[in-house]
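Each chain, letter by letter, is given below.
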2 protein chains.
Amino acid sequence: MSWKLNCHADLMEQAMTRKILAMGAAPGLISLAGGMPAPESFPVAQIKEAAGKVLTDTPAAALQYGVSDGYMPLREWVSQDLEKRGVHYAPDQILITNGSQQAISLAAWVFLEDGAKLAVETPTYLAAISTFRPTGCDFVDMPCDCDGPIPEELYKVADARFAYVIPNFQNPAGLLISAKRRRAIAEAASELGLPIFEDNPYGDLYYDNEPPAPLAAVDPENTIYGGSFSKVLSPGMRVGYVACPKPVYKYFLNLKSAIDVHTNMLNQMIVHEVVKDGFLDNHLESVRSRYKVHRDAMAQALTKYMPKEAAWQTPSGGMFFWVTFPEGTDCTSLLDEAVKRGVAYVPGEAFYAIDPPTNSLRLSFVTVSVEQIDAGVKMLAELLS
Amino acid sequence: MSWKLNCHADLMEQAMTRKILAMGAAPGLISLAGGMPAPESFPVAQIKEAAGKVLTDTPAAALQYGVSDGYMPLREWVSQDLEKRGVHYAPDQILITNGSQQAISLAAWVFLEDGAKLAVETPTYLAAISTFRPTGCDFVDMPCDCDGPIPEELYKVADARFAYVIPNFQNPAGLLISAKRRRAIAEAASELGLPIFEDNPYGDLYYDNEPPAPLAAVDPENTIYGGSFSKVLSPGMRVGYVACPKPVYKYFLNLKSAIDVHTNMLNQMIVHEVVKDGFLDNHLESVRSRYKVHRDAMAQALTKYMPKEAAWQTPSGGMFFWVTFPEGTDCTSLLDEAVKRGVAYVPGEAFYAIDPPTNSLRLSFVTVSVEQIDAGVKMLAELLS
């Protein structure tokens, strides 16, 4: 038999996500590689109660086919939640997706194709790269400084189909774009006719100050906004959303409808039941308190153990430290030895769409204990010294 | 701002699925349009019990990120279930998807692209057409007779990337391919190097005799097989699967991983908990008994009311009657008047990828009551007489 595949089939990769998940499972290994929330943060009792309620009160709705846009009460809740953040999208501009990863992949197929340009931060989220790449698009780097993409230089990527930006505690670099810079980026992009895809899975995980309003607050008509319940409730339920300007909403909706009909109803209804009366307010306080301790522990361990050539900034939110070593350090090939010694990380290389340097790595601090953070960073520092 | 879209974005359509779902909601309307299982057939008590058990015993696994392939015990169950049908795929060849619709869309992106040929039955499943079309593929009709695709003529479509076939109670035409023909199709396709995508959402919904073994039983190495829990448990949970030959499995897996990481864990574990001890055996007996009554009622109503020019075959399973009228009848434009009178159907046109005729329509008998079937068919017959 012969399998003639799409010409980009070999670009279909699993990023490192899968390898990371497999690593997390090796017994004894301290995995600083994972991007997984701490299971202790899952509100199990509330989800269980909600599941019981939904399956008692409205079983037919929870188990039957639903509309492709998603469960309307959840879309209304998302619209109101965004409103509180200064972002205006009506419920009929909200599409519920299988986690925000699917929001990214819908954007990939609606906008991209062979040779289309896509502007990305450098480094950027590895699984977004995996989603964009099989479209055959050309990645172009947005000129960035330590406050994110540089507005005055966006004209250099103005011919991109859109710019993919993670303004809050960027994965992997941990960067938070300032309020002033956000406005300047959004305004420059609008003037240039460069649409923005704003990916915001981490915005609620702040440990110092609440982040400024999203880019989408400035010009929602030029911004597609992706959000998720993965980091604040449960990633395994795969409930996220995308908010779109009306002219492009229908393409997202039509594609979603064609590819998997709709996001599973049961979990949409459970999520709505859990969040509808303000549960997240207190819950997020407790998640933030938990993660802040871990963030501080990792900052302390890095300071204590890392050679002075290593550089990092303590992130004010999110899940990751991004550590850079002198040029010539090959964090990619060191991974195997690190795993042998009992600690895992994600090589920085995985976060570059083009010309990846190898002298950086990403460390997650949320799934592991404070003791493991100390032990893991120590092992890593010894290896890299 | 400017939205420069993928050149095929206008081919992203919702088929009629969404219009159908909306129709189902209009009060008073007898919808024979829906492709939805009867909600009375959902095993609510079992699903509720399973949800409670999963969230009590293994909450962290149900709510955390999982592997992209899917929940291993469910993949093992699927592999064993297929084995009982004479089909051999190991668990590591099974990928859990968001309903079998996503299995179809993975095949679309792994195999198809601009100008690639895709062989389909005529008519064929409307939502598969919606999924295939935005790839820019060229649809080619497989020569068919009343027993399905004609093996001796498959050479005419041998340059297609694959052939999409629904051997059991085909949607929309209700056709069941015979055992002898199945073997001949599978053998001819293997010889020609024409891979088959066998879509089997309806195989368990038989009302007369159990269908013959799937095409995949003959040559699993040349067949990709899509299955679903939508029609036998619950469509709203969006749990289906695809079984692949090893050389193509990794592409399906990598793409799945990139587009939405994995199918939601909670529902995968609930489905497994419900089915693992043989629940489906008795449950399916009761679903079949229920639907058989409806099938018989629709056969009777059609015989009683339809003009003698109308033609149909009573399907021996599945969910649909396919009714054809004399050439010149325009079932598409009659739909609005039918809805005004209080009955809905799906115009046959929606099921043709190319050159759609308009003189047929699809009627579903599973969601509506026996009384509604009689009243709906009567109204429809009056309109079409």
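Quick caveat, the model's predicted, so the values are computed rather than measured.

Reading guide: rules and limits
Residues numbered from 1 in each chain as written. Chains lettered and ligands numbered in written order. Predicted model: local features only at pLDDT ≥ 70, side-chain atom pairs only at ≥ 80, totals over all residues. Heavy atoms only, no water. Core = buried A, V, L, I, M, F, W, Y, C linked by side-chain atoms within 4.5 Å. Buried < 20%, exposed > 50% of the residue type's maximum accessible area, 1.4 Å probe, protein only. Contact = heavy atoms within 4.5 Å. Least-squares fit on C-alpha atoms with pLDDT ≥ 70 in both. Axes fitted to C-alpha atoms, helices over the stretch in contact; angles between N-to-C directions. Helix = DSSP H or I, 4+ residues; strand = E, 2+ residues; numbered from the N terminus. Parallel < 35°, antiparallel > 145°, perpendicular 65-115°, else oblique. Nonpolar A, V, L, I, M, F, W, Y, C, P; charged D, E, K, R; others polar. Salt bridge = Lys/Arg side-chain N within 4 Å of Asp/Glu carboxyl O. Polar contact = N/O pair within 3.5 Å; in protein donor to acceptor, adjacent residues only side chain to side chain. Patch = residues over 30% accessible without salt bridge, like charges linked within 9 Å, V, L, I, M, F, W, Y side chains within 5 Å. Areas by Shrake-Rupley, 256 points an atom, 1.4 Å probe, with all protein chains shown as cover. Lys, Arg positive; Asp, Glu negative; His and termini not counted. Charge placed at Lys NZ, Arg CZ, Asp CG, Glu CD. Domains from an automatic or database assignment. Buried area = accessible area lost by both parts, 1.4 Å probe. pLDDT = per-residue confidence, 0-100. Left-handed = near helix turned anticlockwise from the far one by under 90°. Pairing = 2+ DSSP bridges.

With that settled, consider the nonpolar core. Within the largest apolar cluster, 94 residues are counted, with the highest numbers of intra-cluster contacts made by A:F111, A:F132, A:F252, B:F111, B:F132 and B:F252. The contacts of B:F111, once residues within four sequence positions are left out, are A:W3, A:K4, A:L5, A:N6, B:R161, B:F162, B:I224, B:V248 and B:F252. One finds A:V78, A:L233, B:I47 and B:Y89 within the second-largest nonpolar core, a separate group that totals 69 residues.

As a further point, take the relation of the copies chain B and chain A. When chain B is fitted to chain A, the best match, at an RMSD of 0.0 Å, comes from turning it 180 degrees and sliding it 0.0 Å along the axis. Such a combination of turn and shift is consistent with a two-fold rotation axis. Both copies share a contact surface, since 100% of the interface residues of chain B are interface residues in chain A too.

For the rest of this paragraph, the subject is the packing of helix α2 (residues 44–57) of chain A against helix α2 (residues 44–57) of chain B. Packing of α2(A) against α2(B) leaves a shortest axis separation of 10 Å and a crossing angle of 180 degrees. In terms of orientation, α2(A) lies roughly antiparallel with respect to α2(B). Here α2(A) contributes A:V44, A:I47, A:K48, A:A51, A:G52, A:L55 and A:T56 to the contact with α2(B), which in turn contributes B:V44, B:I47, B:K48, B:A51, B:G52, B:L55 and B:T56. Here the residues of the contact of α2(A) with α2(B) are counted per class, giving 8 nonpolar, 4 polar and 2 charged.

This part is about the interface of chain B and chain A. Interface size is often expressed as the accessible area that is lost when the parts come together. Taken together, the 81 residues of chain B in the interface contact 81 residues of chain A. Remark: the boundary between chain B and chain A carries 0 salt bridges. Put simply, chain B and chain A have 38 residue pairs in polar contact (both at pLDDT 80 or more) between them. No other element matches the 10 residues that helix α8 (residues 246–260) of chain B contributes to the side of chain B that touches chain A. Residue classes in the side of chain B that touches chain A are distributed as 42 nonpolar, 27 polar and 12 charged.

Let us now look at a negative patch on the surface. A cluster of acidic side chains, namely A:D114, A:D138, B:D114 and B:D138, defines a negative patch on the protein surface. Examined against the element boundaries, A:D114 turns out to sit in the loop between α5 (99–111) and β3 (117–120).

A few words now on the domain arrangement of chain A. Residue and element names in this part refer to chain A. We note that the domain assignment places domain 1 (11–41 + 281–384) and domain 2 (58–277) within chain A. One C-alpha centre belongs to domain 1, the other to domain 2, and the line joining them spans 25 Å. Between domain 1 and domain 2, the contact holds 31 residues from the first and 28 residues from the second. It is R288, S316 and F351 in domain 1 that bury the most area against domain 2; as a group they hold 21% of the surface buried on that side. For the interface between domain 1 and domain 2, the tally reads 2 salt bridges. One salt bridge connects D208 with K292, and the closest N-O pair in it is separated by 3.7 Å. Put simply, domain 1 and domain 2 have 10 residue pairs in polar contact (both at pLDDT 80 or more) between them. Only α10 (279–305) and β11 (320–324) provide two or more residues apiece to the side of domain 1 that touches domain 2. Sorting elements by how many residues they give to the side of domain 1 that touches domain 2 places α10 first, with 7 residues.

This next bit is on the confidence of the model for chain A. On average, residues of chain A score 95 in pLDDT, and 97% of them are at 70 or above. Here the complex is predicted with pTM 0.97, and the ipTM for its interfaces comes to 0.96.

Residues and elements named next belong to chain A. It is at 9 Å that the axes of helix α4 (residues 72–84) and helix α9 (residues 265–275) come closest, and there the two elements cross at 45 degrees. Compared by their axis directions, α4 and α9 come out oblique. Handedness of the crossing formed by α4 with α9: left-handed. For the pair α4 and α9, contact is made by P73, L74 and W77 and by Q268, V271, H272 and V275, respectively. Here the contact of α4 with α9 is composed, by residue class, of 5 nonpolar, 2 polar and no charged.

For the rest of this paragraph, the subject is the sheet that holds strand β13 (residues 346–347) of chain A. All names here are of chain A. Spatially, the 3 strands line up as an open sheet ordered β11-β14-β13, and their pairing is antiparallel. Of all the strands in the sheet, just β11 and β13 have a single pairing partner and so form its edges. Contacting β11 and β14 (360–364), α10 runs over the sheet at an angle of about 15 degrees to β11.

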